[in-house]
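Each chain is listed here by its residues.
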Amino acid sequence: MIFHPAGSRPSTAPDPAYFTGSVRMDPLIAAPEPARLRALQVTFEPGARTNWHTHPLGQTLIVTSGRGLMQVAGQSPREIRPGDVIWFDPGERHWHGAAPDCAMTHIALQEAEAGRTADWAEPVSDGDYGATPQR
């Protein structure tokens, strides 16, 4: 068993090459092999977001607070709120982050393949980020 008491591990800032704006990551679990589960609580300040990216084995997001946006390539952005659960298929190109005027926190769950959980691409354009979201 591995037990991590609340507040026992430091928050970190992600690599700024893959994010726009102020983002904080709090580790939840990086299960030892042969398990592949990786989980983080991620907080995006207003306007902050990921770059476009994919996950080799998919990703689940559970929105826990605030209001955010997400978009799958080729689709309109969608607004996300606390209680929303989002599944991205393996290899599905997408981004997610806070709304322009409101912070957003989610739990991100993904599995590692050969130690890799994401493949990063270019930043989200202001045009994509500013498009009118669907609910």
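Source: prediction; values computed, not measured. (Residues numbered from 1 in each chain as written. Predicted model: local features only at pLDDT ≥ 70, side-chain atom pairs only at ≥ 80, totals over all residues. Heavy atoms only, no water.)

## So, the side chain of Thr54
Which entries qualify depends on this criterion: Numbering of helices and strands starts at the N terminus; helices are DSSP runs of H or I of at least 4 residues and strands are runs of E of at least 2. Each residue is placed in one exposure class: buried if its accessible area under a 1.4 Å probe, protein chains only, is under 20% of its type's maximum, exposed if it is over 50%, and partly exposed if it falls in between. Any two residues having at least one pair of non-hydrogen atoms within 4.5 Å are treated as being in contact.
One can find Thr54 in strand S5 (residues 53–54). Classification of Thr54 by relative accessible area gives buried; the value is 17%. Setting aside residues no more than four positions away along its own chain, Thr54 makes contact with Gly91, Glu92, Arg93, His94, Thr117, Ala118 and Asp119.

## A few points about the pattern of salt bridges
Threshold: Throughout this description, the term salt bridge denotes a Lys or Arg side-chain nitrogen within 4 Å of a carboxyl oxygen of Asp or Glu.
Counted by the stated rule, this structure contains 9 salt bridges. In this structure, Arg49 engages Asp126 in a salt bridge whose closest nitrogen and oxygen atoms are separated by 3.1 Å. Of this pair, Arg49 sits in strand S4 (residues 49–50) while Asp126 sits in helix H1 (residues 126–130), and the two are 77 residues apart along the sequence. Look at Arg49 and you get buried, because its relative accessible area is 6%.

## Observations concerning the side chain of His55
Take His55: it is sitting in the loop between S5 and strand S6 (59–66). Residue His55 is classed as buried on the basis of its relative accessible area, which comes to 4%.

## Quick word on the nonpolar core
The following threshold applies: Throughout this description, the term nonpolar core refers to a set of buried Ala, Val, Leu, Ile, Met, Phe, Trp, Tyr and Cys residues connected via side-chain atoms within 4.5 Å.
Val23, Phe44, Met70, Ile80, Ile86, Phe88 and Met104 are the most contacted members of the largest nonpolar core, which has 16 residues in total. Mapped by element, the contributors of at least two residues to this core are strand S2 (23–30), strand S3 (37–44), S6, strand S7 (68–72), strand S9 (85–88) and strand S11 (104–111). Those residues in contact with Met104 that lie beyond four places of it in its chain are Val42, Thr43, Phe44, Val63, Ser65, Gly66, Arg67, Gly68, Ile80, Gly97 and Ala98. Residues Trp52, Leu69, Trp95 and Tyr129 belong to the second largest nonpolar core, which totals 5 residues.

## As for the packing of aromatic side chains
We count it as follows: Here a Phe, Tyr or Trp ring, Trp counted by its six-membered ring, pairs with any other such ring whose centre lies within 6.5 Å, and the pair is stacked when the planes are under 30 degrees apart, edge-to-face when over 60, and tilted otherwise.
Summed over the entire model, instances satisfying the criterion amount to 4 aromatic pairs. Seen in terms of ring centroids, Phe19 and Phe44 are 6.4 Å apart; in terms of plane orientation they differ by 35°. Their pairing is tilted. Note that Phe19 is positioned in strand S1 (residues 19–20) and Phe44 in strand S3, a separation of 25 residues in sequence. Using a relative accessible area of 11% as the deciding quantity, one classes Phe19 as buried. Accessibility expressed as a relative area gives 0% for Phe44, which makes it buried. Consider the rings of Trp95 and Tyr129, whose centres lie 5.8 Å apart with planes at 50°: the pair is tilted. Taken together, the residues Trp95 in strand S10 (residues 94–98) and Tyr129 in helix H1 connect sequence positions 34 residues apart.

Keep in mind these numbers describe shape, not what the thing actually does.
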